[in-house]
Amino acid sequence: MSVVFVPKRLRGTATINQETIQRLLEENDQLIRCIAEYQQKGRAVECVQYQQILHRNIVYLATIADASPDIPMEAVNTSQKHRKGHFQTACNG
């Protein structure tokens with residue numbers, strides 16, 4: 001389940017930190033890989049489901065970025081170097 005999905009009773013109480021953002025970026029990476037894999041297999045229904053989650057995550061990240069434009073670029077660059085090439089496709093199919 002996406003880390004963005006939060007029950008209504010808990011919405012607005014989450015703390016946004018670098019760890020949360022990194023988890024979302026890693027989840028998005030995995031979603032993109034799954035979408036590409038399912039597209040190659042011709043499984044459109046699964047693609048749409050993952051695309052909806054990816055869209056929700058991206059909108060959420062954009063909202064965070066708009067609300068806090070002071071995120072240092074060195075943190076972004078460091079996380080990109082750290083995660084490059086460390087993920088495998090884990091689609092259930």
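Quick caveat: nothing in here was measured; it's all calculated off a predicted structure.

### Considering the nonpolar core
- Counting seven residues, the largest nonpolar core consists of L31, C34, I35, Y38, C47, L54 and C91.
- Elements represented by at least two residues in this core include exactly α1 (18–41) and α2 (44–67).
- Looking at this core element by element, the count peaks at four residues for α1.

### Thoughts on α2
- Between its terminal C-alpha atoms α2 stretches 34 Å, which fits the 34 Å expected from 24 residues at 1.5 Å a residue.
- All buried positions along α2 are accounted for by C47, L54, N57, L61 and I64.

### With respect to the confidence of the model for the protein chain
- Across the protein chain, pLDDT averages 77, with 59% of residues at or above 70.
- Considering each helix and strand of the protein chain separately, the mean pLDDT is smallest for helix α3 (residues 73–83), with a value of 56, and largest for α1, with 94.

### A word on α1
- Over its 24 residues, α1 extends 35 Å from the first C-alpha to the last, a length consistent with the 34 Å expected when each residue adds 1.5 Å.
- Of the residues that open α1, the one with a side-chain oxygen 3.1 Å from the backbone nitrogen of E19 is N17.
- The positive-phi residue at the C-terminal boundary of α1 is G42, with phi of around 75°.

Calculation criteria
- Residues numbered from 1 in each chain as written.
- Predicted model: local features only at pLDDT ≥ 70, side-chain atom pairs only at ≥ 80, totals over all residues.
- Heavy atoms only, no water.
- Core = buried A, V, L, I, M, F, W, Y, C linked by side-chain atoms within 4.5 Å.
- Buried < 20%, exposed > 50% of the residue type's maximum accessible area, 1.4 Å probe, protein only.
- Helix = DSSP H or I, 4+ residues; strand = E, 2+ residues; numbered from the N terminus.
- Expected span 1.5 Å × (residues − 1).
- pLDDT = per-residue confidence, 0-100.
- Polar contact = N/O pair within 3.5 Å; in protein donor to acceptor, adjacent residues only side chain to side chain.

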